[in-house]
Structure formats: C-alpha cells, structure tokens
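So you can see what is in the structure, the chains are spelled out below.
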Amino acid sequence: MTAPPVLAAPGSRLWATGGVTTIEGTAGGGLVPMAVLTGYASDREWGGSVALSHAPLDDYTVDVVAGALNWHNRIEISAARQTLDLDTLGAALNQDDLQQDILGAKLRLTGDVLYSPYGQWSLGVQYKHNRTFTVPDAVGARDDSGTDVYLAGTKVFLGALFGRNVLLNGVVRGTKANQGGLLGFGGDKKDSYDAVLEGSAGVFINRQWLVGTEYRQKPDNLGFAQEEDGYDLFVAWVPERHLAVTAAWVNLGSIAGLDDQQGAYLSLQGSF
C-alpha cells in the first residue's frame with residue numbers, strides 16, 4: 001500500500017534550500033528567482049510559504065503580498081500582489097498607486113542544488129496582469145498583461161570559500177514587461193520580447209546567515225523614460241525552518257523618469 005503524501009512541517013529538505021520569496025512571489029532572492037522551489041517539501045511532500053515585502057524607495061514605495069505551494073519538490077505554484085505607491089508623482093498623475101497581480105509556475109527540470117555537480121535547473125512562467133493601466137497606457141505601454149518565461153540554474157558549492165558554502169544562481173528571462181509589469185508591457189519604442197540576464201551570488205556565514213548580491217537586467221521599451229537595470233546587496237537570516245527574514249539595500253535605477261530609485265528592503269517569509 002502506497003503511503004499518502006505528507007504535509008511538510010515544514011518539510012524534509014535541508015536548511016534554507018527553499019530560498020526566500022522574490023518580489024514576484026516565487027522562490028529565489030528578493031529581485032531574482034532561483035531554480036529552487038519554495039519551502040522544504042521533498043519528493044513525497046507538500047509544502048509552501050507566505051511572505052510580506054516592503055521597500056520604501058526615494059520617490060516610490062513597493063509592497064508585495066505573496067504565497068506559493070510546492071508539490072513533491074517538482075512543481076511550484078505562486079501568486080503575488082504588487083503595489084507601487086506613487087509617493088512623489090501620485091498627485092500630479094491623479095493616481096494613488098499602481099497594482100499588479102502575478103501568477104507563477106515553476107517546474108524543476110533536473111538536478112539538486114546541493115548534490116548535483118551542475119546544480120538544479122528549473123523552468124518558470126509568470127503571467128502578469130496590471131490592475132491600474134491608466135498611467136502605463138498614458139506613457140506608451142501597449143498591453144495591460146504579459147507573460148514572462150525564464151530558465152534558472154542554481155548551485156551551492158559546499159566549503160568553497162574559506163570553508164563557507166557559496167551560492168551561485170543564473171537566470172535567462174524572456175519578457176516585455178516595463179518595470180516588471182507595473183508600467184505595462186511593450187511600448188512605443190519596442191513591442192517584442194527581450195532576452196535579459198539575471199543573477200545572484202551569496203556566501204553562507206553559517207546555516208542561519210547568508211550575505212550576497214543580485215543583479216537584474218530590464219528591457220527598455222518606453223520612449224518617455226529610460227529603464228535601467230536593478231541590483232541589491234542583501235542579508236538573509238533563517239533562524240528556524242519556519243521563518244526567514246531578508247534585509248537589503250536595493251537600487252532599481254530610473255523609474256518613470258525619476259532617477260536613482262534606491263532604498264531599504266525588508267521581507268518576512270513563513271514556511272510550512
């Protein structure tokens with residue numbers, strides 16, 4: 001008789017191997033997804049996570065509410081609501097904020113982040129729908145929804161740097177999204193898919209602390225304002241398997257013509 005699937009509590013995989021939650025709801029870092037799937041579920045378990053993220057930038061504030069499920073460490077299903085508060089431009093544009101919903105799916109193709117020589121590889125898709133299209137439409141965006149597709153590879157090298165474990169992660173993404181979709185999809189300059197690169201690297205100080213950096217390319221589709229790449233420096237703390245806290249300094253470049261949008265980032269994740 002086959003045993004029924006086990007609900008992860010929070011699961012059988014090793015400490016911190018589910019990553020944290022990105023601003024788009026999937027497992028990874030803050031800005032960049034990884035090949036890992038959320039939570040700690042092994043190949044006979046269910047698991048998942050919920051997360052809240054907050055980033056007050058110079059002229060905007062970004063808030064994210066997200067949740068994800070992991071089935072047998074094979075498929076991840078995620079959902080996120082992003083809100084961009086137009087702190088500086090809101091009154092001028094007669095718009096309080098911009099909102100976007102993201103539904104994601106990620107399939108682990110092959111490998112294991114710890115034990116496979118070439119790491120873990122996953123294929124992901126994200127359907128994004130902009131709920132407040134008035135501003136994106138006014139600045140030249142073509143569509144209020146779009147779909148990103150990405151391939152991610154992630155590897156942890158055990159004892160690679162002065163006895164510390166090292167995380168390396170790379171992503172190739174196909175996208176038409178402006179500012180991740182908060183300013184719509186496609187534009188007056190270009191309305192075709194771009195292949196953009198994303199990456200992250202980190203060092204585990206111990207099993208509870210990870211420090212590192214992320215970099216994310218973005219397409220430049222709108223004529224009214226140049227879109228720049230984003231990056232961050234982060235510290236992730238995993239005091240126990242149920243909880244992860246991520247703090248970062250993030251720079252998203254120019255957003256809607258306002259340059260050098262940078263500030264703090266804080267994310268709280270609970271795993272089950």
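Residues numbered from 1 in each chain as written. Predicted model: local features only at pLDDT ≥ 70, side-chain atom pairs only at ≥ 80, totals over all residues. Heavy atoms only, no water.

Caption draft 1: Just the pattern of salt bridges, in detail. Scanning the entire structure with this criterion turns up 14 salt bridges. For Arg 81, the salt bridge goes to Asp 101, with nearest N and O atoms at 2.3 Å. With Arg 81 in strand 6 (residues 75–85) and Asp 101 in strand 7 (residues 97–110), this pair connects stretches of sequence that are 20 residues apart. Using a relative accessible area of 29% as the deciding quantity, one classes Arg 81 as partly exposed. For the salt bridge of Asp 148 with Lys 128, the shortest nitrogen-to-oxygen distance reads 2.9 Å. Residue Asp 148 is located in strand 9 (residues 145–161), and its partner Lys 128 is located in strand 8 (residues 120–130); the two are separated by 20 residues in the primary sequence. Ionic contacts of the salt-bridge type, sharing partners, join the residues Glu 24, Lys 128, Asp 148, Arg 173, Glu 198 and Arg 216 into one network. (Salt bridge = Lys/Arg side-chain N within 4 Å of Asp/Glu carboxyl O. Helix = DSSP H or I, 4+ residues; strand = E, 2+ residues; numbered from the N terminus. Buried < 20%, exposed > 50% of the residue type's maximum accessible area, 1.4 Å probe, protein only.)

Caption draft 2: Inspection of a negative patch on the surface at higher detail. Together, Asp 58, Glu 228, Asp 259 and Asp 260 give the surface a local cluster of negative charge. With respect to the helices and strands, the residue Asp 259 is situated in the loop between strand 14 (243–251) and strand 15 (262–271). A residue is classified by how much of its surface remains accessible, and Asp 259, at 55% relative accessible area, is exposed. (Patch = residues over 30% accessible without salt bridge, like charges linked within 9 Å, V, L, I, M, F, W, Y side chains within 5 Å. Areas by Shrake-Rupley, 256 points an atom, 1.4 Å probe, with all protein chains shown as cover. Lys, Arg positive; Asp, Glu negative; His and termini not counted. Charge placed at Lys NZ, Arg CZ, Asp CG, Glu CD.)

Caption draft 3: Looking closely at the packing of aromatic side chains. Tallying each qualifying case throughout the model produces 1 aromatic pair. Between the aromatic rings of Trp 209 and Trp 237, the centroid separation amounts to 5.6 Å while the plane-to-plane angle is 20°, which identifies the pairing as stacked. Highlighted residues: Trp 209 in strand 12 (residues 209–216) and Trp 237 in strand 13 (residues 230–240), separated in sequence by 28 residues. The partly exposed category is assigned to Trp 237, whose relative accessible area is 34%. (Phe/Tyr/Trp six-rings, centres within 6.5 Å; stacked < 30°, edge-to-face > 60°.)

Caption draft 4: Looking closely at the environment of Gly 270. Mapped onto the elements, Gly 270 comes out in strand 15. Since its relative accessible area comes to 22%, Gly 270 is described here as partly exposed. In the structure, Gly 270 is positioned 184 residues away from Leu 86 in sequence and 28 Å away in space, judged by C-alpha atoms. Those residues within four positions of Gly 270 in sequence are excluded, and the remaining contacts are Gly 48, Ser 49, Val 50 and His 242. (Contact = heavy atoms within 4.5 Å.)

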